[in-house]
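Inside the fold
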Amino acid sequence: MTECELLSKCGFFNKYQNAKQAACSGFIAMYCKGPKMDVCKRKAYRAEHGVAPPDDMMPTGSMVIE
Ligand code: SF4
């Protein structure tokens, strides 16, 4: 798989896919469309809590600071 299966419903991806923040585009390349998708903390959160995490939670588990 070359893209995360949650891409279309992921709040982080949808909010930040066109963002200019270098951190966000880096994470998208690394996680959402890259080798680290299976260790995404957003995915873990969803599995643990049964609901999606806040949109501003990054794949690392930290929050985006705007
Ligand atoms: S942030 Fe995580 S859950 Fe969302 S699309 Fe990227 S890899 Fe998938």
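Note that the structure is predicted; figures quoted are calculated from it, not measured.

1. Some words on the nonpolar core
Formed by 13 residues in total, the largest nonpolar core has its most connected members in Phe12, Phe13 and Val64. Elements represented by at least two residues in this core include exactly helix H1 (11-16) and helix H2 (22-32). It is H2 that contributes the most residues to this core, 5 residues altogether. With sequence-adjacent residues up to four places away left out, Phe12 is seen in contact with Gln17, Cys24, Phe27, Ile28, Arg42, Asp55, Met57, Met58, Pro59 and Val64.

2. Some points on the pattern of salt bridges
Here the structure, examined in full by the defined rule, presents 3 salt bridges. Between Asp38 and Lys43 there is a salt bridge, with its nearest N and O atoms 3.8 Å apart. The exposed category is assigned to Asp38, whose relative accessible area is 66%. By sharing partners, the salt bridges in this structure join Glu5, Asp38 and Lys43 into a single network.

3. Observations regarding the site of the ligand
Neighbouring the ligand are Cys4, Leu6, Leu7, Cys10, Phe12, Tyr31, Cys32, Cys40, Arg42 and Pro59. The cavity where the ligand resides is the largest cavity. Considered class by class, the residues forming the shell around the ligand number 9 nonpolar, no polar and 1 charged.

4. Some remarks on the environment of Tyr16
Within the fold, Tyr16 resides in helix H1. For Tyr16, a relative accessible area of 3% translates into the label buried. With 12 residues separating them in the primary sequence, Tyr16 and Ile28 have C-alpha atoms 8.6 Å apart.

5. Brief notes about the packing of aromatic side chains
Going through the model one piece at a time under the given rule, you end up with 2 aromatic pairs. Judged by centre distance (5.3 Å) and plane angle (40°), the rings of Phe12 and Tyr16 are tilted. Here Phe12 and its partner Tyr16 are both found in helix H1, 4 residues apart, which amounts to about one turn of the helix. According to the relative accessible area criterion, Phe12 is buried, its value standing at 0%.

Reading the values: the criteria
- Residues numbered from 1 in each chain as written.
- Predicted model: local features only at pLDDT ≥ 70, side-chain atom pairs only at ≥ 80, totals over all residues.
- Heavy atoms only, no water.
- Core = buried A, V, L, I, M, F, W, Y, C linked by side-chain atoms within 4.5 Å.
- Buried < 20%, exposed > 50% of the residue type's maximum accessible area, 1.4 Å probe, protein only.
- Helix = DSSP H or I, 4+ residues; strand = E, 2+ residues; numbered from the N terminus.
- Contact = heavy atoms within 4.5 Å.
- Salt bridge = Lys/Arg side-chain N within 4 Å of Asp/Glu carboxyl O.
- Near = heavy atom within 4 Å.
- 1 Å grid on protein atoms, 1.4 Å probe; cavity = no way out; pocket = protein on both sides within 12 Å on 5 of 7 lines; lining within 4 Å.
- Sits in = over half its atoms within 2 Å of the grid points.
- Nonpolar A, V, L, I, M, F, W, Y, C, P; charged D, E, K, R; others polar.
- Phe/Tyr/Trp six-rings, centres within 6.5 Å; stacked < 30°, edge-to-face > 60°.

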